[in-house]
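Structural characterization, general
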Amino acid sequence: MKAIAIDGPAGAGKSTIARAVAQELQFIYVDTGALYRSIGLYAVRKGKDYTDGAQVTPLLPGIRLELKFVEGTQRVFLNGEDVSDLIRTPEIAMAASGVSAIPAVRDFLFDLQRDMAKEHNVVMDGRDIGTVVLPDADVKIFLTASPEARARRRFDEHAAKGEKVSYDDILRDVITRDYNDSHRAVAPLKQASDALLLDTTDMDLKESIQAVKDLVAGHL
Ligand code: C5P
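Only a predicted model underlies this, so the values are computations on that prediction, with no experimental measurement involved. (Residues numbered from 1 in each chain as written. Predicted model: local features only at pLDDT ≥ 70, side-chain atom pairs only at ≥ 80, totals over all residues. Heavy atoms only, no water.)

Section: the overall build of the chain
Of regular secondary structure, the chain possesses nine helices and eight strands. Taken over the C-alpha trace, the chain has a radius of gyration of 16 Å; the compact-globule value for 220 residues is 17 Å, and the two agree within 12%. The principal-axis extent of the C-alpha atoms belonging to the chain is close to 45 × 40 × 35 Å. Taking all 220 residues of the chain together, 47% fall into the buried category. Surface exposure of the chain reaches about 10500 Å², of which carbon and sulfur atoms provide 51%. Of the side chains in the chain, 28 bear a positive and 34 a negative charge, and the two mean positions are spaced by 3 Å. (Helix = DSSP H or I, 4+ residues; strand = E, 2+ residues; numbered from the N terminus. Rg over C-alpha atoms; globule rule 2.2 N^0.38 Å. Buried < 20%, exposed > 50% of the residue type's maximum accessible area, 1.4 Å probe, protein only. Areas by Shrake-Rupley, 256 points an atom, 1.4 Å probe, with all protein chains shown as cover. Lys, Arg positive; Asp, Glu negative; His and termini not counted. Charge placed at Lys NZ, Arg CZ, Asp CG, Glu CD.)

So, the side chain of S208
Mapped onto the elements of the fold, S208 is located in helix 9 (residues 205-219). Other than its neighbours up to four places away in sequence, S208 contacts I17, L198, T200 and M203. (Contact = heavy atoms within 4.5 Å.)

Details of the packing of aromatic side chains
Per the stated rule, a full pass over the model turns up one aromatic pair. Consider the rings of F155 and Y167, whose centres lie 6.4 Å apart with planes at 80°: the pair is edge-to-face. With F155 in helix 7 (residues 147-160) and Y167 in helix 8 (residues 167-183), this residue pair connects regions lying 12 residues apart in the sequence. Sitting over the face of the ring of F77, K68 holds its NZ or CZ atom 4.4 Å from the ring centroid. Geometry around Y167 places R152 over its ring, the cationic atom sitting 4.7 Å from the centre. (Phe/Tyr/Trp six-rings, centres within 6.5 Å; stacked < 30°, edge-to-face > 60°. Lys NZ or Arg CZ within 6 Å of the ring centre and 35° of its normal.)

Here we look at the sheet that holds strand 4 (residues 73-78)
Either a parallel or an antiparallel arrangement is found when strands of a sheet pair, and the pairing is made through backbone hydrogen bonds. An order of 3-4-5 is seen for the three strands of this open sheet, with the pairing classed as antiparallel. The open sheet has two free edges, formed respectively by strand 3 (65-70) and strand 5 (81-82), since each of these has just one partner strand. Against the sheet, helix 2 (residues 33-45) makes contact with strand 3, strand 4 and strand 5, and its axis sits at roughly 30° relative to strand 4, the strand it touches most. (Pairing = 2+ DSSP bridges. Axes fitted to C-alpha atoms, helices over the stretch in contact; angles between N-to-C directions.)

A word on the site of the ligand
The full set close to the ligand counts 15 residues, and R37, R106, R177, D181 and R184 are the nearest of them. A distance of 2.8 Å is found between an oxygen atom of the ligand and a side-chain nitrogen or oxygen belonging to R106. A distance of 2.9 Å separates an oxygen atom of the ligand from a polar atom in the side chain of R184. Calculation on the ligand without its partners gives an accessible area of 460 Å², and the protein chains cover 97% of this total. Of all the elements in the fold, those that place two or more residues in the shell around the ligand are helix 2, helix 4 (90-99) and helix 8. Among the elements that take part in the shell around the ligand, helix 2 stands out by supplying three residues, more than any other. A class-by-class count of the residues in the shell around the ligand yields three nonpolar, five polar and seven charged. (Near = heavy atom within 4 Å. Polar contact = N/O pair within 3.5 Å; in protein donor to acceptor, adjacent residues only side chain to side chain. Nonpolar A, V, L, I, M, F, W, Y, C, P; charged D, E, K, R; others polar.)

Brief notes about the environment of Y167
Residues Y167 and E157, spaced 10 residues apart in sequence, show a C-alpha to C-alpha distance of 11 Å. Setting aside residues no more than four positions away along its own chain, Y167 makes contact with E148, A151, R152 and F155.

Side note on the pattern of salt bridges
Tallying each qualifying case throughout the model produces 15 salt bridges. Residues R150 and D178 are paired through a salt bridge, measuring 2.6 Å at the closest nitrogen-oxygen approach. Placement of the pair is R150 in helix 7 and D178 in helix 8, with a sequence separation of 28 residues. There is no split in this pair, since R150 and D178 are both buried. Through salt bridges that share partners, R75, D82 and D85 make up one connected network. (Salt bridge = Lys/Arg side-chain N within 4 Å of Asp/Glu carboxyl O.)

Quick notes on empty space enclosed by the protein
For the structure shown, the criterion picks out one cavity of 30 Å³ or more. Approximately 30 Å³ is the volume found for the largest cavity. Together, D7, G130, T131, K140, I141, F142, K190, Q191, A192 and A195 line the largest cavity. At the level of secondary structure, the elements contributing two or more residues to the lining of the largest cavity comprise helix 6 (129-133) and strand 7 (139-144). Top element by residues in the lining of the largest cavity is strand 7. It accounts for three residues. (1 Å grid on protein atoms, 1.4 Å probe; cavity = no way out; pocket = protein on both sides within 12 Å on 5 of 7 lines; lining within 4 Å. Points joined across faces, edges and corners; volume = space filled by probe spheres on them.)

In structure tokens form, the structure reads like this:
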């Protein structure tokens, strides 16, 4: 099986780019952030403090997550419920960032992610795919862009869906999540030593997709 790992901070364009690359290669695109978001959603629904391991860890045995692929698009099921759309809110993004710092949560998701890569050719995106989940991935890419460029993209995404959000709030969230993700003790966001770095600050989406396709073609 072949694996391409794409890591980087929120809003670097990972998911859109990973999806395009997977489609071209006929690989499965696995969005690991959706798994952390689903656990975040579960913790919020249960009224727990999602940053507190003592409150979140006991919830894990009650959580069953499944990834299904419908026409190449990943859907995530939380105890049988398709939560793929519900997890795409700023509140759940923060909850995901909170639960992701809890070691038991990362352990809980480790096998699920590894199994996907054992069974399929994958493009997998996340924060620790090249460093922890798939250290032997065939190609590793670390995708980044300035916080302002990433906040602008997120803002445009929400605006395109007709959602009222403030750019300043999004920028603040991006900076907070970056800080949380790169300073946590377990599996912090960092570039693997053998990952290829791509900064997309000055690229539009089309250029970023092409740049990643070129890197993959040159290294797969
Ligand atoms: O990629 P996405 O924004 O959906 O991820 C939500 C949160 O889940 C991230 O801010 C990060 O805290 C966490 N995450 C992680 N490890 C991954 C994927 C996501 O810690 N592999």
